[in-house]
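Chain residues, written in single-letter form:
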Amino acid sequence: MSENAFLVVQDRPYGAGVVAARALAEGEVIADLRHCVTADTPSIHTIDVGDRHIDGPQVRYLNHSCAPNVYVDAERLEARALRPVAVGEELAFFYPSTEWDMVGPFDCLCGAADCLGTIAGARAAAPEALRRHALNRHVAERLADHVAERVEAQQATVGAA
């Protein structure tokens with residue numbers, strides 16, 4: 001994240017987070033993720049970008065929200081504002097948009113009206129809840145395969161009856 005776009009704060013109920021240091025426009029790139037390091041193993045701090053997990057100051061303090069104002073684009077390796085963001089507003093993205101399975105599932109504290117409750121990755125979320133969010137291609141493809149497998153299993157159960 002560019003230093004003039006965010007501030008790291010420690011006083012969140014769930015630990016550190018980042019807030020906008022200045023107003024951000026919809027679509028504005030707030031972090032270049034090309035300089036993140038590839039993590040040896042996934043952790044609660046890494047982001048799945050499809051072929052690897054990345055870590056670094058650009059992503060370390062981006063928290064989750066079920067009503068995100070940031071989208072992490074795994075193909076372009078950038079984070080950008082989904083809508084205008086006010087000074088002091090926390091920057092957060094929808095974790096299941098990048099994560100199929102999470103190393104550290106948690107109870108969400110975002111307070112959004114359509115909060116998922118427990119965040120464990122896209123595999124654990126209801127497909128209808130995921131449809132409300134932009135998903136990265138690697139997650140959308142796995143979701144499509146997962147849904148197809150479930151349909152096939154249901155058809156096999158019905159056919160066996």
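Please refer to the structure placed before this passage.
Residues numbered from 1 in each chain as written. Predicted model: local features only at pLDDT ≥ 70, side-chain atom pairs only at ≥ 80, totals over all residues. Heavy atoms only, no water.

A complete count under the given rule lists two aromatic pairs for this structure. Summarising the aromatic geometry, the rings of Phe93 and Tyr95 are spaced 4.9 Å apart at their centres and angled 50° between planes, so their arrangement reads as tilted. Judged on exposure class, the residue Phe93 and its partner Tyr95 are both buried. For the ring pair Tyr95 and Phe106, a centre distance of 5.9 Å and an interplane angle of 80° mean the geometry is edge-to-face. Taken as a pair, Tyr95 in the loop between strand E10 (92–93) and strand E11 (106–107) and Phe106 in strand E11 lie far apart in primary sequence, 11 residues in all. Judged by relative accessible area, which is 13%, Tyr95 ranks as buried. Grouped by ring-pair contacts, the aromatic residues Phe93, Tyr95 and Phe106 constitute a single cluster. (Phe/Tyr/Trp six-rings, centres within 6.5 Å; stacked < 30°, edge-to-face > 60°. Buried < 20%, exposed > 50% of the residue type's maximum accessible area, 1.4 Å probe, protein only. Helix = DSSP H or I, 4+ residues; strand = E, 2+ residues; numbered from the N terminus.)

The next subject is the sheet that holds strand E5 (residues 47–48). Read across the open sheet, the three strands follow the order E4-E6-E5; overall the sheet is antiparallel. Two strands lie at the open edges of the sheet, namely strand E4 (37–38) and E5, each paired on one side alone. (Pairing = 2+ DSSP bridges.)

Burial of nonpolar side chains together is a common tendency in soluble globular proteins. Leu24, Leu33, Ile47, Ile54, Val72, Leu91 and Phe93 are the most contacted members of the largest nonpolar core, which totals 29 residues. Looking at this core, the elements with two or more residues in it are strand E2 (15–20), strand E3 (29–32), strand E8 (70–73) and strand E9 (78–81). Apart from the residues lying within four places of it in its own chain, the contact partners of Val72 are Leu33, Ile47, Leu62, Glu78, Ala79, Phe93, Thr98 and Asn136. Counting eight residues, the second largest nonpolar core, distinct from the first, contains Trp100, Ala125, Leu135 and Val139. (Core = buried A, V, L, I, M, F, W, Y, C linked by side-chain atoms within 4.5 Å. Contact = heavy atoms within 4.5 Å.)

Along the chain, Asp73 falls in strand E8. Aside from chain neighbours lying at most four places away, what touches Asp73 is Glu78, Arg80 and Asn136.

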